[in-house]
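Chain residues, written in single-letter form:
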Amino acid sequence: MKHLFVFISLCWLSSQVLLGEGYQVNLQGQKQTGMGHTGTGLLLGPSSLHFNPAALSFLEGRFNFSAGASGVLSNNTFVKNQPSVYEAKTNNPMGTPFYLYGSGKISDNMAVGIGVNTPYGNSLKWDEGWDGRYLIQDISLQAIFVQPTISYAVAPFLSIGGGPVLALGSVDLSKALPLQSSEGEGQVNLTGTTTAYGFNVGLFAKINPVLTLGVDYRSKIIMKMEEGEAHFSVPSSMSSSFPEENGFSAELPMPANLSFGLGWQLTDKWLLAFDLQMVEWSAYQSLNFDFEENTPLLADSENVRNFENTMIYRIGAQYQATKNFILRGGVYLDETPIPEGFLTPETPGANKTGFSGGFSWKLLSHLEMDASLLYIKAEDRNDGYAPLNFYGSYSANAWIPGLGLSWQF
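So, how was this worked out
- Residues numbered from 1 in each chain as written.
- Predicted model: local features only at pLDDT ≥ 70, side-chain atom pairs only at ≥ 80, totals over all residues.
- Heavy atoms only, no water.
- Helix = DSSP H or I, 4+ residues; strand = E, 2+ residues; numbered from the N terminus.
- Buried < 20%, exposed > 50% of the residue type's maximum accessible area, 1.4 Å probe, protein only.
- Phe/Tyr/Trp six-rings, centres within 6.5 Å; stacked < 30°, edge-to-face > 60°.
- Lys NZ or Arg CZ within 6 Å of the ring centre and 35° of its normal.
- Salt bridge = Lys/Arg side-chain N within 4 Å of Asp/Glu carboxyl O.
- Core = buried A, V, L, I, M, F, W, Y, C linked by side-chain atoms within 4.5 Å.
- Contact = heavy atoms within 4.5 Å.
- Patch = residues over 30% accessible without salt bridge, like charges linked within 9 Å, V, L, I, M, F, W, Y side chains within 5 Å.
- Areas by Shrake-Rupley, 256 points an atom, 1.4 Å probe, with all protein chains shown as cover.
- Lys, Arg positive; Asp, Glu negative; His and termini not counted.
- Charge placed at Lys NZ, Arg CZ, Asp CG, Glu CD.
- Pairing = 2+ DSSP bridges.

1. What about unusual backbone geometry?
You will see that H37, though not glycine, has its phi angle at about 65°, which is positive. One can find H37 in the loop between α2 (30–34) and α3 (48–51). Owing to a relative accessible area of 4%, H37 belongs among the buried residues under this scheme. Backbone geometry at N306 places phi at a positive 60°, although glycine is not the residue there. With respect to the helices and strands, the residue N306 is situated in the loop between β15 (301–304) and β16 (310–322).

Put into structure tokens, the structure is as follows:
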């Protein structure tokens, strides 16, 4: 019973998505995804709103639009060897991250635009009666970002750009409660929405006719939930200790990202890209959880997370196969921010390698279809959460097809 409050507090907005480490999603453009999610130093359309807003003023055409979505088919497996061999697998619903971008030139040197995408989120569902049900049973987490942007070319070879970010977050999770009663266990469902703000700024340089360079900084955003709803379903003998309708407040950081990118037009047909991205996960040190109504069995709590800053290493290539058909490929390594002894089934993180491919096919003179396919494999990790002594071996993988359209005129 004494760990009940820690069990609850572990769950709020603390779940992993296989697309990136922690709860960061890396699917903001089919062209970039096909090239290993490179893009900070590239001119690949209005998706630069996310990757490097400074690039907008160098895009060809007066107006550029793109839209797309991906289907995330992920699997997680947990194996515990003591006291006997036990295995559990997730039955995750398909995630559908999406993006919408539009930009236009208002002068030869200036462009404006707006983008909507989903850079953070997760869908995770373990079997109802699995061994870790007191930590998590299922969760749906989503953060939608809206970013108006302005970009200005201060010189023929150099541009700057940026814009504010409006973040709209929501969460819905369920877990079992370890209550000792002849009537069985309890259940809690936590739901809520919140709004927060940040910014995205960048610099883009044309070093020479074949070499481009980009730097982008996306700020930390603190998602504070002040009016979340906690719904308890417990044995009648304990109902007085768990108000059926309760509120809660908590907060979770969306970490800052600093990216450096290089584009190299090796030949008329070949384009190479290299990106280096630092994710400031150290912003997530603890999870504080505050109920509106406390009882002797339902107290507020603080849970240590101790996430660490990480790096993502990306490389991609693009090949102009024909006038109307472009092929892409890429690979990246994404480090885990979760230190030893802090691994939970809500964030079963491990170093991940992603392999991607894709293409663009010009359907009409101004319309392209963009497609990508990403496979992600996490390193098997034997670890656990020391404060609750929950240990085991985790493995995960995902297939992520994506489709989009790009329109320029």
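2. As for the packing of aromatic side chains
Applying the stated criterion across every chain, the model contains 21 aromatic pairs. Centre to centre, the rings of F342 and Y385 are 6.1 Å apart; their planes meet at 75°, and the pair counts as edge-to-face. Here the residue F342 occupies a position in the loop between β17 (325–334) and β18 (352–364), and Y385 occupies one in strand β20 (residues 381–385), the gap between them amounting to 43 residues. As far as the burial class goes, F342 and Y385 line up, both buried. Taken together, the aromatic side chains of F78, W126, W130, F390 and Y394 make up a single cluster linked through ring pairs. One residue, K206, lies across the ring of F58, its end atom 4.4 Å from the ring centre.

3. Observations regarding the pattern of salt bridges
Following the criterion strictly, the structure yields seven salt bridges and no others. Of the charged contacts, one joins R133 and E185 as a salt bridge, the two residues approaching to 2.9 Å between their closest N and O atoms. Taken together, the residues span a long stretch of sequence, with R133 in the loop between β5 (110–125) and β6 (138–155) and E185 in the loop between β7 (158–177) and β8 (186–208) at a distance of 52 residues. The exposure class assigned to E185 is partly exposed, which follows from its relative accessible area of 34%. The partner of R218 in a salt bridge is D216, and the shortest N-O contact between them spans 3.2 Å.

4. Comments concerning the nonpolar core
Among the nonpolar cores identified, the biggest contains 58 residues, and Y23, F145, I221, F232 and M254 are the most heavily contacted of them. Ignoring anything within four residues of it in the chain, the contact list for I221 reads F145, V165, A167, A196, Y197, G198, L252, P253 and M254. Core analysis: the second largest hydrophobic core is formed by six residues, L56, L59, Y101 and A111 among them.

5. Structural notes on the environment of A167
Along the chain, A167 turns up in strand β7. If near-sequence neighbours (up to four positions away) are discounted, A167 is found in contact with I144, F145, T194, T195, A196, I221 and M223.

6. Concerning a negative patch on the surface
A cluster of acidic side chains, namely E226, E227, E251, D290, E292, E293 and D300, defines a negative patch on the protein surface. Mapped onto the secondary structure, D300 falls in the loop between β14 (286–291) and β15.

7. Structural notes on the pairing of strand β1 (residues 63–70)
Consecutive residues of a regular strand have side chains that alternate between opposite faces of the sheet. Where burial is concerned, the two faces of β1 differ: the one with N64, S66, G68 and S70 is buried and the one with F63, F65, A67 and A69 is not. Here β1 pairs with strand β4 (residues 98–105) via seven bridges, running antiparallel. Bridge assignment links F65 to a residue of β4, and that residue is G102. Two elements, β1 and strand β21 (residues 390–408), share seven bridges in a ladder whose sense is antiparallel. In the strand pairing of β21, G68 is matched with G404.

8. Notes on the environment of I150
Topologically, I150 is positioned in strand β6. Taking the relative accessible area as the measure of exposure, I150 reaches 43% and is therefore partly exposed. Those residues in contact with I150 that sit more than four places away from it in its chain are M110, A111, V112, I160, G161 and G162.

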